[in-house]
Amino acid sequence: MFRGYLIGGAVVVTDITEARRLYSMGFFGKFVNEDKVKLSEVNNVNSPLQLSIIEALYLVDKGILEVLDNDGNRLTRDDLVRVGRSTVNNFDQVYTIYRELRDGGFVVKSGLKFGSLFAVYERGPGIDHAPVLLHFIEPRRAVSALDITRAARLSHSVNKRFVLATQSEADGKIHYIAFEWWRA
């Protein structure tokens, strides 16, 4: 089992050997001061691995990671959920989306630099480009033509498909709507 420490709203794996192994298991986290580390470069990295609270909770749920506080006390799943809810908007829905995509075999990374929630890879950073940018729409929020146009133009400019995700009030499930460009 890997060990990480809660620091603010993130979890840091400080043991470099563990950090390398955990990253290699599915591109989890981001090495401090490194960007898009390829699997062939992992053994050259000498930085701790920073996991988002969403990634950390997923790994805890899978029985792969334990998280400790500054005093070395083990945090429970509920502790991590409380941290997530206090630091991430719509945490429950965002975590559900992350879990569904990861469980579906995708590599899910932050899409912040693309103005989206997640960039979704089929194989992983450094292996392929993320073919999908995922945008989350809060439940009960109407989707405007401007929302769709803005997301579509951005994703098209970086040659990616965009997907909207939201939680249905009727069944509580996350629903995904994919958009593609086509010429008439």
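First, a word on scope: everything that follows refers to the structure included in this document. None of the values given here were measured: they were computed from a predicted structure.

**Remarks on the overall build of the chain**
Inference 1: The helix and strand inventory of the chain stands at five helices and ten strands.
Inference 2: Against the 2.2 N^0.38 benchmark of 16 Å for 184 residues, the chain shows a C-alpha radius of gyration of 17 Å, consistent with a compact globule.
Inference 3: Considering only C-alpha atoms, the chain reaches an extent of 55 × 40 × 25 Å along its principal axes.
Inference 4: Burial status across the chain gives 43% buried among its 184 residues.
Inference 5: The contacts in the chain between residues at least 6 apart in sequence include a share of 50% that link residues at least 24 apart.
Inference 6: With the model as given, the accessible surface of the chain reaches about 10,500 Å², and the carbon-plus-sulfur share is 49%.
Inference 7: Looking at the chain, you have 24 positive and 22 negative side-chain charges, and the mean spots of the two groups are 6 Å apart.

**Observations regarding the pairing of strand β7 (residues 118–121)**
Inference 1: Taking every second residue as pointing to the same face, both faces of β7 are buried, with Phe 118 and Val 120 on one and Ala 119 and Tyr 121 on the other.
Inference 2: Bridge count between strand β6 (residues 107–110) and β7: four bridges; the pairing is antiparallel. Among the inter-strand pairings, Val 107 is bridged to a residue of β7, identified as Tyr 121.
Inference 3: Relative to strand β8 (residues 132–136), β7 runs antiparallel, the two being bridged by three bridges. Pairing of Val 120 across the sheet is with Val 132, part of β8.

**Let's talk about the packing of aromatic side chains**
Inference 1: Counted according to the given criterion, the structure contains six aromatic pairs.
Inference 2: Residues Tyr 58 and Tyr 98 carry aromatic rings whose centres are separated by 5.5 Å and whose planes lie at 80 degrees to one another, so their mutual orientation is edge-to-face. In this pair, Tyr 58 sits in helix α2 (residues 53–61) while Tyr 98 sits in helix α4 (residues 91–103), placing the two residues 40 residues apart along the sequence.
Inference 3: Judged by relative accessible area, which is 1%, Tyr 98 ranks as buried.

**Notes on the pairing of β8**
One face of the sheet, then the other: side chains in a regular strand alternate in exactly this way.
Inference 1: Most of β8 is tucked away, with five of its five residues classed as buried.
Inference 2: The side-chain alternation of β8 yields two buried faces, one formed by Val 132, Leu 134 and Phe 136 and the other by Leu 133 and His 135.

**Brief notes about the sheet that holds β6**
Note: strands within a sheet are paired through backbone hydrogen bonds, in either parallel or antiparallel orientation.
Inference 1: Strand order across the open sheet formed by five strands is β6-β7-β8-β9-β10, with mixed pairing between neighbours. The sheet is open, and its two borders are formed by β6 and β10 (174–179), each paired with just one other strand. Strand-to-strand twist of the sheet, defined as the mean angle between neighbouring strand axes without regard to direction, takes the value 30 degrees.
Inference 2: Bridge count for β8 against strand β9 (residues 161–167) is five bridges, and the pairing is parallel. Looking at β9, one finds that Phe 136 is bridged to Ala 165.
Inference 3: Each of β6, β7, β8, β9 and β10 is contacted by α4, which is oriented at about 70 degrees to β10, the strand it contacts most.

The rules behind each value
- Residues numbered from 1 in each chain as written.
- Predicted model: local features only at pLDDT ≥ 70, side-chain atom pairs only at ≥ 80, totals over all residues.
- Heavy atoms only, no water.
- Helix = DSSP H or I, 4+ residues; strand = E, 2+ residues; numbered from the N terminus.
- Rg over C-alpha atoms; globule rule 2.2 N^0.38 Å.
- Buried < 20%, exposed > 50% of the residue type's maximum accessible area, 1.4 Å probe, protein only.
- Contact = heavy atoms within 4.5 Å.
- Areas by Shrake-Rupley, 256 points an atom, 1.4 Å probe, with all protein chains shown as cover.
- Lys, Arg positive; Asp, Glu negative; His and termini not counted.
- Charge placed at Lys NZ, Arg CZ, Asp CG, Glu CD.
- Pairing = 2+ DSSP bridges.
- Phe/Tyr/Trp six-rings, centres within 6.5 Å; stacked < 30°, edge-to-face > 60°.
- Axes fitted to C-alpha atoms, helices over the stretch in contact; angles between N-to-C directions.

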